[in-house]
Amino acid sequence: MGEPGSLVTGDRAGGRSWCLRRVGMNAEWLLLEDGSEVTIGRGFGVTYQLVSKICPLMISRNHCVLKQNVEGQWTIMDNKSLNGVWLNRQRLEPFKFCSIHKGDHIQLGVPLENKENAEYEYEVTEEDWERMYPCLAPKNDQMIGKNKGLRTKRKLSLEELEGPGAEGPSNLKSKISKVSCESGQPVKSHGKDEVAIQPSQLSEHLDPKLTSLEPSEKAAEAHVYPGSTKVIELHHKKQKASSPLASHSSLELFKVTMSRILKLKTQMQEKQVAVLKVKKQTQKGNSKKIVKMEQELQDLQSQLCAEQAQQQARVEQLEKTFQEEEQHLQGLEKEQGEEDLKQQLAQALQEHRALMEELNRSKKDFEAIIQAKNKELEQTKEEKEKVQAQKEEVLSHVNDVLENELQCIICSEYFIEAVTLNCAHSFCSYCINEWMKRKVECPICRKDIKSKSHSLVLDNCINKMVDNLSSEVKERRIVLIRERKGESV
């Protein structure tokens, strides 16, 4: 984002407004205007456009919406974004408005690897307009409107860019020369009250992208336009092939335009220095001069946006040219590759014939081995069947014994919550309790019942045995347990 446009009005001067202050930065604050709906995202139809340099897809096209409710309270809604909206470290549900208050923390997206904080973190605050204005971010509709008006104003050829007129219009240079200063020197006013503004003091009011610029072609290629890296890589990829004259001219035009964009940004920074200087001098005085300076600053911003739009068109043209060259090279490679393919096919056919002969020889050997293995498998199968029959006979005998020994003689079912009496006989807990209502003696040996204790060993053994039985037995046991529990209650 760049610096904010001319947003100061006579009514707002001296008032207070709500905004989203970006954490750790004195720039790119988002203004919350009363009675308006504020949309944030990386698309073109939003109020504030956020384009991440680290992860372009971190912010969705229409990431979130902020607006006032009926009571005038500001609210925020996650517009079903990919990486979410976080209010006080809690992720919001999509399409649900939540109230925000002064001091709340808003996070758009998630932190990347090896980073504690996200790229876009804000704090809800209410500030004085004079304190807030230098830190505000421009609205997306202002930037788009300026680009539409200036997109067709200036289209310079390669010769015009390389000539002396490439520096820009003469009237613009005369405006800039009034407030420009040498790099690294403080800006001084020539009035009664002289004020010196150091570059370190400007970093609190200017866009960090502008203050970090260096007057070199490398910095322009690295920071001014993100697509330049892709174009340079495409150019290096095609260095081995013969480049047409058109692509070479486009590349030279691209480099010159990058230099012009850097110069425009430097001039815009100087204009911002002058605006801040005049503001500090006048305070409540000459507002017309401030408006004029701000208008000049907006003109510089508009020209910079127009240059960037033209640069994007040139990059697209370069990509198209390189794609055509690549297709041409692919056609040549295809023609040369057909002859090589024929030779490879002939050689592969010979190798295939030799391989088939060797496979036929190996086939006979494998057939003999397979016959011997089949005989061994038949013998092993017979032995396994005998062993399996013996195991089944033993298991059947064991099951018969367990069924006879683990059944309650009262209900003829497997023990349910087995209870052992003092005479060592075991019964179901439910069954023996019902029996004791009539007689207090063992149903088997007729001894008096003096004590009874639960047998966990029998319960565990029966449960494991029932797991291996049929589903009908399991279902009948479950129904019986439920019936007994219901009667006991």
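Calculation notes
Residues numbered from 1 in each chain as written. Predicted model: local features only at pLDDT ≥ 70, side-chain atom pairs only at ≥ 80, totals over all residues. Heavy atoms only, no water. UniProt positions renumbered as here; feature names shortened; annotations may be inferred. Helix = DSSP H or I, 4+ residues; strand = E, 2+ residues; numbered from the N terminus. Contact = heavy atoms within 4.5 Å. Areas by Shrake-Rupley, 256 points an atom, 1.4 Å probe, with all protein chains shown as cover. Phe/Tyr/Trp six-rings, centres within 6.5 Å; stacked < 30°, edge-to-face > 60°. Buried < 20%, exposed > 50% of the residue type's maximum accessible area, 1.4 Å probe, protein only. Salt bridge = Lys/Arg side-chain N within 4 Å of Asp/Glu carboxyl O. Pairing = 2+ DSSP bridges. Polar contact = N/O pair within 3.5 Å; in protein donor to acceptor, adjacent residues only side chain to side chain. Arc of directions from axis to C-beta. Core = buried A, V, L, I, M, F, W, Y, C linked by side-chain atoms within 4.5 Å. Patch = residues over 30% accessible without salt bridge, like charges linked within 9 Å, V, L, I, M, F, W, Y side chains within 5 Å. Lys, Arg positive; Asp, Glu negative; His and termini not counted. Charge placed at Lys NZ, Arg CZ, Asp CG, Glu CD.

Labelled according to an unreviewed UniProt entry, the chain appears under the name E3 ubiquitin-protein ligase CHFR, originating from Crocuta crocuta. The chain has a UniProt comment under Sequence similarities (unreviewed entry) that states "Belongs to the CHFR family." In its Subcellular location (unreviewed entry) section, the UniProt entry covering the chain states "Nucleus".

**So, the overall build of the chain**
Helix and strand counts for the chain come out as 13 helices and 16 strands. Taking all contacts inside the chain whose residues are at least 6 apart in sequence as the whole, residues at least 24 apart take part in 61%. For the chain, the exposed surface amounts to about 31,200 Å²; the carbon and sulfur share of it is 50%.

**Digging into the UniProt feature "domain: RING-type" (unreviewed entry) in the chain**
UniProt tags residues 408-446 as "domain: RING-type" (unreviewed entry). The span residues 408-446 is 21% helical and 18% strand by assignment, and the distance between its end C-alpha atoms comes to 16 Å.

**Describing the packing of aromatic side chains**
Applying the stated criterion across every chain, the model contains 1 aromatic pair. Arranged with centres 6.3 Å apart and planes meeting at 35°, the rings of Trp129 and Tyr133 form a pair that is tilted. The class of Trp129 is buried, set by a relative accessible area of 2%.

**Observations regarding the pattern of salt bridges**
Enumeration according to the criterion identifies 8 salt bridges in this entry. Between Glu121 and Arg89 there is a salt bridge, and its shortest N-O distance comes to 3.8 Å. Placement of the pair is Glu121 in strand E11 (residues 120-128) and Arg89 in the loop between strand E7 (85-87) and strand E8 (90-91), with a sequence separation of 32 residues. Under the relative-accessibility criterion, Glu121 is labelled buried at 6%. Between Arg476 and Glu413 there is a salt bridge, with its nearest N and O atoms 3.9 Å apart. With a gap of 63 residues between them, Arg476 in helix H13 (residues 471-488) and Glu413 in the loop between helix H10 (287-405) and strand E14 (418-421) connect regions that are remote in the sequence. Overall, Arg476 belongs to the partly exposed group, its relative accessible area being 48%.

**Considerations on the sheet that holds strand E4 (residues 48-49)**
One open sheet accounts for 5 strands, arranged E4-E3-E5-E6-E9; its pairing is mixed. Looking at the sheet topology across the chains shown, the edges are occupied by E4 and strand E9 (98-99).

**Observations concerning the side chain of Glu28**
Tracing the chain through its elements places Glu28 in the loop between strand E1 (16-22) and strand E2 (30-32). There is a polar contact of 2.2 Å between the side chain of Glu28 and the side chain of Arg22.

**Remarks on the pairing of strand E10 (residues 105-108)**
A two-sided burial pattern is seen for E10, the buried positions comprising His105 and Gln107 on one face and Ile106 and Leu108 on the other. Judged from the 3 bridges that link them, E7 and E10 form a sheet pairing that is antiparallel. The partner of Val85 across the bridge, within E10, is Leu108. With 4 bridges connecting them, E10 and E11 associate as antiparallel partners. Note on E11: the bridge partner recorded for Ile106 is Tyr122.

**Some words on helix H11 (residues 429-436)**
Here H11 has its buried residues at Ser429, Cys431, Ile432 and Trp435. Looking down the long axis of H11, one finds its buried residues gathered within 165° of arc, a one-sided arrangement.

**A closer look at the nonpolar core**
Formed by 31 residues in total, the largest nonpolar core has its most connected members in Leu20, Ile40, Leu66, Ile100, Ile106 and Leu108. With 20 residues, the next largest nonpolar core counts Leu421, Cys423, Ile462 and Leu480 among its residues.

**Notes on unusual backbone geometry**
You will see that Glu28, though not glycine, has its phi angle at about 60°, which is positive. A positive phi angle is found at Ser412, which is not glycine, with a value near 60°. In this fold, Ser412 is placed in the loop between H10 and E14.

**Quick look at the sheet that holds E11**
Taken together, the 6 strands give an open sheet; going across it, the order is E2-E1-E11-E10-E7-E8, and neighbouring strands pair in antiparallel fashion. Only two strands of the sheet have a single partner each, and these edge strands are E2 and E8.

**Considerations on the side chain of Arg22**
Residue position: Arg22 is located in strand E1. Here Glu119 takes part through its backbone oxygen, which lies 2.8 Å from a polar atom of the side chain of Arg22.

**A word on the pairing of strand E6 (residues 74-78)**
The buried fraction of E6 is high, at 5 of 5 residues. Relative to E6, strand E5 (residues 64-68) runs antiparallel, the two sharing 5 bridges. In the sheet register, Val65 faces E6, and the bridge partner there is Met77. Where E5 hands over to E6, the hairpin turn is made up of 5 residues, of which Gly72 adopts a positive phi near 85°. Across 2 bridges, the pairing between E6 and E9 is antiparallel. When the sheet's bridge partners are listed, Ile76 is paired in E9 with Cys98.

**Examining a nonpolar patch on the surface**
Together, Leu355, Met356 and Leu359 line one region of the surface with nonpolar side chains, adding up to about 260 Å² of accessible area. Within the fold, Met356 resides in helix H10.

**As for a negative patch on the surface**
Judged by side-chain charge, Glu335, Glu338, Glu339 and Asp340 come together as a negatively charged surface patch. With respect to the helices and strands, the residue Asp340 is situated in helix H10.

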